[in-house]
Amino acid sequence: MLRCDFCGADTDTVKRVAIDKGYDRLTVRHEKRYACRYCSEKKEKERQERLKAASTEGGKA
Ligand SMILES: [Zn+2]
């Protein structure tokens, strides 16, 4: 049994989620986390939103 690193739920269907550069690269060295299905979907959505926001704002960090 694995555990989701985001919500702490026990699950046997985790996905590896690579935390990308939106985070502080000095403290988070391309960290890999395990996320349950719910959290991985949520993360994916957040990522899409971030990409969308970045492209509409002209690539502002
Ligand atoms: Zn979770």
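Each residue is numbered by its place in its chain's sequence as written, counting from 1. Predicted model: local features are reported for residues with pLDDT of at least 70 only, side-chain atom pairs are reported and counted for 80 or more only, and whole-chain, interface and lining totals are derived from all residues.

### Here we look at the overall build of the protein chain
Phase 1: The helix and strand inventory of the protein chain stands at one helix and four strands.
Phase 2: Only runs of H or I of at least four residues qualify as helices and only runs of E of at least two qualify as strands under DSSP, and these elements are numbered from the N terminus. Secondary structure elements of the protein chain occur, N-terminal to C-terminal, as β-β-β-β-α.
Phase 3: Put plainly, a residue is buried at 20 or more neighbouring C-beta atoms within 10 Å of its own, exposed at 12 or fewer, and partly exposed in between, counting only other residues' C-beta atoms, which are placed from the backbone. When the 61 residues of the protein chain are sorted by exposure, 10% land in the buried category.
Phase 4: Contacts in the protein chain between residues at least 24 apart in sequence constitute 44% of all its contacts with a sequence separation of at least 6. Throughout, a residue-residue contact means that the two C-beta atoms, derived from backbone geometry, are no farther apart than 7 Å.

### Some words on helix H1 (residues 37-56)
Phase 1: Taking 1.5 Å per residue, 20 residues should reach 28 Å; H1 reaches 29 Å between its end C-alpha atoms and fits that length.
Phase 2: Along H1, only one of the 20 residues are buried, which leaves the element largely exposed. Expected helix span is given by 1.5 Å per residue-to-residue step, counting one fewer step than there are residues.

### Quick word on the confidence of the model for the protein chain
Phase 1: Confidence along the protein chain averages 78 in pLDDT terms, with 70% of residues attaining 70 or more.
Phase 2: One number per residue, pLDDT, summarises how confident the predictor is, and it ranges from 0 to 100. When pLDDT is averaged over each helix and strand of the protein chain, the minimum, 74, is found for strand S3 (residues 15-18) and the maximum, 89, for H1.

### Looking at the environment of Val14
Phase 1: Assignment of secondary structure puts Val14 in the loop between strand S2 (10-11) and S3.
Phase 2: If we skip the residues at most four places from it in the chain, Val14 touches Leu2, Cys4, Tyr34, Ala35 and Cys36.

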